[in-house]
Amino acid sequence: MSFIENHIQRCQSVIDTKSGLAPVVKKMRAVIAQQEDDKQAAILRKISSRERKPFTEAAAAAIDRNLPARPGGTPASQLPENKSLLDFVSLVSPSIRLRARAGSGKSTGLVIKIDFLVNTLGVPPEAIQLLTFNKAAANDLSNKLEASLGDVGRRVGVNTFHSLAFHVLKTYPGTRGMVLDFTDDARANPAKLSDIESAVMENTTRQDLAAYRNRYENSAFKFLVKQPDFEDQVREFIASGVSLYRARRGTPGQRDVSPIFRHLKRVAGSFDAKLAESETFDGEAGLREAARILSSDNTIPGFTRLNGSLQFLFVDEYQDFSAAFEQLVAGVMHRNPDAVLNAVGDDWQSINAFMGADLSFFRGFRSRYEAALNLPLQTNWRCGKRIVEMGNEVMEASNKERAVAGLPHDGRVRVKTGGIKTERRKTQEWHEEARAFLEDQIAIMAKRAWDDDARAGRDPGSLVLLASKNRPFGRDLKTYARRIKAPEGVTVASCTSHASKGREWDHVIILDGIEGEYPGGHPAQLVARDMLSKADMREEGQRLLYVAVTRAKHSLAVLAPTKLHRNLYGARLLANELVDA
Ligand SMILES: Nc1ncnc2c1ncn2[C@@H]1O[C@H](COP(=O)(O)OP(=O)(O)OP(=O)(O)O)[C@@H](O)[C@H]1O
């Protein structure tokens, strides 16, 4: 009997006897490891295409336990739009990187797969661990698991990366007594800026400042050099740059040649030494140290759950990994070599480059982990068809990559540009014009959105104002939101495009769909030029626009007080209403 037939038989017996998957995974990996490098991927694909069979029926049942049938009675598992979901749930022995487009039911898919593993294959819930970036995502997944699996769902491990690191450092004898100066949401709150600032003050000489002056003198930022407080401004953005430098350490392909890069390295080194002296770990150092401990063979007394008994590790938002997160996951896998890793994320939604995120981790998944496959989840269950298309246009998607609309309704796209000229004018002047334009247009677009609801027989839906920065054109988003006359019972939200990730509203109005504005100016933007390529920075803006566009369920309005952003040109073709100035 061939290895593949044996493998399929072993899979069948897992279903029949609920006997545990670990030996099947172990055997499969051992056989693949014997193959020549170039043959490994091919044989894994072959195994996978056969492995779907024994598990498909039971995986379909898990999908149908969790998702309602279509109105005509077709079970969710039988819909062509859910074929990729069925693949994801039914493939259990390879590690998987799931590229899940916006609104494609990423968290729903995770919960269904865990339901399948626990209730059909008999995997103990304690042998399953989920890792998320922040507490909100962890709570959301815990609630969904409990809703689907009942009490058993509570036995699945759900942690943020930082809470896992915290636990390791507090348990490990070598670090138990150290000060842990990080919170669960430390990604949004990197090293305390004030401490970095003092390291900057102590490690920035006249010569270093001259290097910065040189760097910007002949660039688009030469206006900065002319400003009297140039040196203070530099010290401020160095501080953010040092956080970025620390987060990017160990990222493959890091550019590391410029004098500015070397200066950031020196300041970071001094800051790290200070942390070590005071026996303190901030979020970044804490993740790295926990990863180092996990990757060693040292005993961590009291650390039992992830110490060899783990069978499945699910990782969320994989597109936003920086080196520290990758190292932590590698550490968990080192302790649990037979575990299967399922990493889910969307490379189109990678928007944390300024926190050190780098897509190379997502892209290099198959080469980093044994017996690993890439799978897609392309159907968007959130947005109307035109809005899904809008997302594809923003991303200049090839046919293969396009997200596909799962919902039957069309959705509406509206575009209005103001054509306000920004050249040779003071910012304040054109901002005033932009404000007047926005106030008029927001009111018009909101009214049209709620009229759509009335025509479709829906209650007036939720509405959000989005922009890459909180202060588009001199007024904050909240103030614009407050001026909208909303129907009774509807609150108008406002949010930066970054913070909108993972959320959804019936109607979205983007306020700054203008040329050159995405992403909003991050304090580290100037030094980022020495660490990230121009293309990376441009694509980051494109992805942020994609996130903003795909928050809308029924209608999307794009406002551009000046000219339209080039990645939004597609909006003109898809717009139901288009009024150019
Ligand atoms: N296969 C499906 N069929 C029908 N509805 C689905 C399916 N998957 C998810 N949904 C619904 O679509 C909505 C979005 O799902 P979910 O929150 O899981 O998406 P997500 O991919 O995690 O979103 P994002 O990554 O954009 O934040 C939910 O209301 C969910 O019930």
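The rules behind these values
Residues numbered from 1 in each chain as written. Predicted model: local features only at pLDDT ≥ 70, side-chain atom pairs only at ≥ 80, totals over all residues. Heavy atoms only, no water. Helix = DSSP H or I, 4+ residues; strand = E, 2+ residues; numbered from the N terminus. Expected span 1.5 Å × (residues − 1). Buried < 20%, exposed > 50% of the residue type's maximum accessible area, 1.4 Å probe, protein only. Arc of directions from axis to C-beta. Core = buried A, V, L, I, M, F, W, Y, C linked by side-chain atoms within 4.5 Å. Contact = heavy atoms within 4.5 Å. Pairing = 2+ DSSP bridges. Axes fitted to C-alpha atoms, helices over the stretch in contact; angles between N-to-C directions. Phe/Tyr/Trp six-rings, centres within 6.5 Å; stacked < 30°, edge-to-face > 60°. Lys NZ or Arg CZ within 6 Å of the ring centre and 35° of its normal. Right-handed = clockwise from strand over helix to strand, strands pointing away. Domains from an automatic or database assignment. Buried area = accessible area lost by both parts, 1.4 Å probe. Salt bridge = Lys/Arg side-chain N within 4 Å of Asp/Glu carboxyl O. Nonpolar A, V, L, I, M, F, W, Y, C, P; charged D, E, K, R; others polar. Parallel < 35°, antiparallel > 145°, perpendicular 65-115°, else oblique. Left-handed = near helix turned anticlockwise from the far one by under 90°. Near = heavy atom within 4 Å. Polar contact = N/O pair within 3.5 Å; in protein donor to acceptor, adjacent residues only side chain to side chain. Areas by Shrake-Rupley, 256 points an atom, 1.4 Å probe, with all protein chains shown as cover.

### Concerning helix 2 (residues 22–34)
Part 1: Along its 13 residues, helix 2 runs 19 Å from first to last C-alpha, staying within 8% of the 18 Å computed at 1.5 Å per residue.
Part 2: Every buried residue belonging to helix 2 is among V24, V25, M28, R29, V31 and I32, and all of these are buried. One face of helix 2 carries all of its buried residues, which in axial projection span an arc of 165 degrees. Away from its buried face by more than 90 degrees, helix 2 exposes P23, K26 and Q34.

### Remarks on the nonpolar core
Part 1: Core analysis: the largest hydrophobic core is formed by 74 residues, its most contacted members being F161 and Y212.
Part 2: Non-local contacts of Y212, meaning those with residues more than four positions away in its chain, are made with F230, V234, F237, I238, I260, H263, L264 and V527.
Part 3: Counting 60 residues, the second largest nonpolar core, distinct from the first, contains A102, C383, A403 and L463.

### Some thoughts on the sheet that holds strand 6 (residues 312–315)
Part 1: Ordered in space as 3-2-6-7-1-8, the six strands form an open sheet in which the pairing is parallel. The sheet is open, and its two borders are formed by strand 3 (157–160) and strand 8 (372–377), each paired with just one other strand. On average, each strand axis in the sheet is tilted by 15 degrees relative to the strand beside it, whichever way the strands run.
Part 2: In terms of strand pairing, strand 1 (residues 95–100) meets strand 7 (residues 340–345) through four bridges, oriented parallel. Bridge assignment links I96 to a residue of strand 7, and that residue is N342.

### Some details on the environment of F303
Part 1: Counting through the fold element by element, F303 comes out in the loop between helix 13 (283–295) and strand 6.
Part 2: With relative accessibility at 5%, the residue F303 sits in the buried group.
Part 3: Sequence separation between F303 and Y172 is 131 residues, and the spatial gap between their C-alpha atoms is 8.3 Å.
Part 4: The residues touching F303, leaving out its near neighbours within four places in the chain, are L164, H167, V168, T171 and L294.

### Things to note about the packing of aromatic side chains
Part 1: Scanning the model with the defined rule gives 19 aromatic pairs in all.
Part 2: A ring pair is formed by Y245 and F261, whose centres lie 5.3 Å apart and whose planes are at 70 degrees; its orientation type is edge-to-face. One end of the pair, Y245, is in helix 11 (residues 230–248); the other, F261, is in helix 12 (residues 259–277), and 16 residues separate them in sequence.
Part 3: Residue classification places Y245 among the buried positions, given a relative accessible area of 7%.
Part 4: Assessed through its relative accessible area of 6%, F261 is described here as buried.
Part 5: An aromatic cluster is present here, built from F133, F161, Y318, F321, F325, F362, F365 and Y369 joined pairwise through their rings.
Part 6: The side chain of R101 reaches across the aromatic face of W348, ending 3.5 Å from its centre.

### Points about the pairing of strand 6
Part 1: The alternating pattern of strand 6 places F312 and F314 on one face and L313 and V315 on the opposite face, and all of these are buried.
Part 2: Here strand 2 (residues 128–132) pairs with strand 6 via four bridges, running parallel. Residue pairing for strand 6: Q129 is matched across the bridge by L313.
Part 3: Bridge count between strand 6 and strand 7: four bridges; the pairing is parallel. Within strand 7, the position partnered with L313 by the bridge is L341.
Part 4: The parallel pair strand 6 and strand 7, bridged by helix 14 (residues 323–335), forms a crossover whose chirality is right-handed.

### Concerning unusual backbone geometry
Part 1: At K18, a position not held by glycine, the phi torsion is positive, near 50 degrees.
Part 2: For K18, the location among the structural elements is in the loop between helix 1 (3–17) and helix 2.
Part 3: Accessibility expressed as a relative area gives 45% for K18, which makes it partly exposed.
Part 4: In this structure, E279 is a non-glycine residue whose phi angle is positive, near 50 degrees.
Part 5: Note on placement: E279 falls in the loop between helix 12 and strand 5 (280–282).
Part 6: The partly exposed category is assigned to E279, whose relative accessible area is 46%.

### Re the domain arrangement of the protein chain
Part 1: For the protein chain, the domain assignment lists domain 1 (3–168 + 288–380), domain 2 (179–278) and domain 3 (385–578).
Part 2: Distance from the C-alpha centre of domain 2 to the C-alpha centre of domain 3: 32 Å.
Part 3: Taken together, the 18 residues of domain 2 in the interface contact 10 residues of domain 3.
Part 4: Carbon and sulfur atoms make up 63% of the area that domain 2 and domain 3 hide from each other, which totals about 1400 Å².
Part 5: Here domain 2 and domain 3 share one salt bridge between them.
Part 6: The partner of D530 in a salt bridge is R215, with the nearest N and O atoms 3.0 Å apart.
Part 7: Residue assignment for the side of domain 2 that touches domain 3 shows that the elements contributing at least two residues are helix 9 (206–217), helix 11 and helix 12.
Part 8: Sort the elements by how many residues they give to the side of domain 2 that touches domain 3 and helix 11 lands first, with six residues.
Part 9: The residue inventory of the side of domain 2 that touches domain 3, partitioned by class, reads 10 nonpolar, five polar and three charged.

### Here we look at the packing of helix 3 (residues 37–66) against helix 5 (residues 106–120)
Part 1: Close contact between helix 3 and helix 5 brings their axes to 9 Å; oriented N to C, the two are set at 120 degrees. Classified by the angle their axes make, helix 3 and helix 5 are oblique. As helix 3 runs across helix 5, the sense of the crossing is right-handed. The segment helix 3 lies against helix 5, with F55, A58, A59, A62, I63, R65 and N66 engaging V111, I112, D115, F116, N119 and T120.
Part 2: Across the contact of helix 3 with helix 5, the residue classes tally to eight nonpolar, three polar and two charged.

### Section: the side chain of Q311
Part 1: Counting through the fold element by element, Q311 comes out in the loop between helix 13 and strand 6.
Part 2: Since its relative accessible area comes to 16%, Q311 is described here as buried.

### Side note on the site of the ligand
Part 1: Inspection of the region around the ligand gives 15 residues, with N82, G103, K106, S107 and T108 positioned closest.
Part 2: In this structure, an oxygen atom belonging to the ligand sits 2.6 Å away from a side-chain N or O atom of T108.
Part 3: One nitrogen or oxygen atom from the side chain of R382 is found 3.0 Å from an oxygen atom belonging to the ligand.
Part 4: In the complex, the protein chains occlude 75% of the 640 Å² of accessible area that the ligand would expose alone.
Part 5: The element contributing the most residues to the shell around the ligand is helix 5, with three residues.
Part 6: For the shell around the ligand, the per-class residue count stands at four nonpolar, seven polar and four charged.

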